[in-house]
Protein chains: 2
Amino acid sequence: MANKVKFERENVVRVASQLFWQKGFHATSTRDLQEAVNMRPGSIYSAFGSKEGLYCESLKDYTVQMKTQIEGFLSSADTVLGGLRAFVENVIIKTKGCSPSAICMLVKANSEFAEKDSKLYELSLDLMAQFEAYLTQIFEQAINKGELSNTLTAVEYARFFQVQFTGLRGYFNRPDVEQFAEPMINQMFMLMRKL
Amino acid sequence: MANKVKFERENVVRVASQLFWQKGFHATSTRDLQEAVNMRPGSIYSAFGSKEGLYCESLKDYTVQMKTQIEGFLSSADTVLGGLRAFVENVIIKTKGCSPSAICMLVKANSEFAEKDSKLYELSLDLMAQFEAYLTQIFEQAINKGELSNTLTAVEYARFFQVQFTGLRGYFNRPDVEQFAEPMINQMFMLMRKL
DNA sequence: TTTTAACTTGAGCAGTCGCTCAAAATCAAA
DNA sequence: TTTGATTTTGAGCGACTGCTCAAGTTAAAA
């Protein structure tokens, strides 16, 4: 007994996510969003409550997308480390031009929201912790398969991966330096086996 | 034959720098700045031209401050690597509570300005390149003194340092994790000697 | 076909933004 | 002490912000 919603929520969140990832929360205006998702303010606010609400969903969707991407690379690779490596190469080198930003949206969020008790800062921490837990599972597999030594625990490998990956993505957030990317990714995975 | 300026330019830039570093460019309003530096809009605009102008000076001042800090640690350490290590520990562990942000202001700037041809993005790239050149000089000394092998060039060590340091600072931009910091800094310097 | 609850629309509100500029204040030189 | 170039002041401008809500549109249920 009603009217149906005309938009597909998933699609809207995905488009908003791209815009937020590119420009950041503060630099993205509600007018930018209205144009990008082709919705009028009333519809957006009845569906998401606020700009912050839409950003929350966008950030959560981003981590889901990342995990899905990793799953894909893992399932079509012979080894766990091979899959992770393909994922890293894809993010840093292959999707360089078409990605909204070289830098992880979670890291951007974490650095943008300075007030340590703000909802959005807490959300970024929470999602990062979840992602670390997810990586930990993956590294458990790598250890169990004998791809990595057990001198480090799985969570320590996960932390190492996070630091390296974040560092590399930050470093390559510039137009010119694809030439150094490949050897530095080599270095990262070589070092991981030496830990 | 005139009036004298009432403010000390260096001090104003330093205070503005702290605020910009903490909140980012877009989330810092001119009213915030006015209050922080205790100047009326007219004075600020006659001295710095625009919010962007003040930000430029703030960002440049930040890199000067960083270099000065490194100089200090280098001159009061026995080895180049020891000095760098003291610097890293100071930034990540010791000044944790009092620093406006765990994340490097240059990295924050680089990630905040998405439009690849904007003046502020170009400035962040420029200052990062300068800083890499500065680090390269330092690593040249480390190699010459025999503290590091010459399997990598000085600039390659500098890049490695940047990636690790940026990664660590990003990772430790949270309230609770000082406990992991020390071993991970250990790891960073251990790995550098193994390259 | 009529009813009616759900959804969409967009003009526009109240507040904030970066910034300006005429007037007041200041102080070295005359 | 007077002069006059220079700096400081702050009210306030026009643009933009996140967001609201009364009016209009839609389509399933009656």
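Residues numbered from 1 in each chain as written. Chains lettered and ligands numbered in written order. Predicted model: local features only at pLDDT ≥ 70, side-chain atom pairs only at ≥ 80, totals over all residues. Heavy atoms only, no water.

J.: Help me understand the overall build of chain A, please; the structure alone is not making it clear to me.
T.: When its secondary structure is counted, chain A shows nine helices and zero strands. Seen through its C-alpha atoms, chain A measures out along the principal axes to roughly 60 × 40 × 35 Å. Counting over 195 residues, chain A shows a buried share of 52%. A fraction of 66% describes how many contacts in chain A between residues 6 or more apart in sequence connect residues 24 or more apart. In the structure as shown, chain A presents an accessible area of about 9,300 Å², 51% of it carried by carbon and sulfur atoms. The distance from the centre of the 22 positive side-chain charges to the centre of the 22 negative ones in chain A is 4 Å. (Helix = DSSP H or I, 4+ residues; strand = E, 2+ residues; numbered from the N terminus. Buried < 20%, exposed > 50% of the residue type's maximum accessible area, 1.4 Å probe, protein only. Contact = heavy atoms within 4.5 Å. Areas by Shrake-Rupley, 256 points an atom, 1.4 Å probe, with all protein chains shown as cover. Lys, Arg positive; Asp, Glu negative; His and termini not counted. Charge placed at Lys NZ, Arg CZ, Asp CG, Glu CD.)

J.: How do you make sense of the environment of isoleucine 44 of chain B when you look at a structure like this?
T.: Residue and element names in this part refer to chain B. Mapped onto the secondary structure, isoleucine 44 falls in helix H3 (residues 41-48). Residue isoleucine 44 is classed as buried on the basis of its relative accessible area, which comes to 7%. Isoleucine 44 sits 26 residues away from isoleucine 70 along the chain, and the two C-alpha atoms are 31 Å apart. Excluding residues within four positions of it along the chain, isoleucine 44 makes contact with Gln34, Val37, Met39, Gly49 and Leu54.

J.: Just to check I follow, could you spell out unusual backbone geometry for this structure?
T.: A negative phi angle characterises most non-glycine residues, just as the trans form characterises most peptide bonds. All names here are of chain A. Phi is positive for asparagine 38, which is not a glycine, with a value near 55°. Residue position: asparagine 38 is located in the loop between helix H2 (30-37) and helix H3 (41-48). A relative accessible area of 55% places asparagine 38 in the exposed class.

J.: It is not clear to me how the side chain of glutamate 89 of chain B should be interpreted in this structure. Could you clarify?
T.: Structurally, glutamate 89 of chain B is set in helix H5 (residues 80-94). Among all residues touching glutamate 89 of chain B, those that are not within four sequence positions of it are Lys94, Glu182 and Ile185 of chain B.

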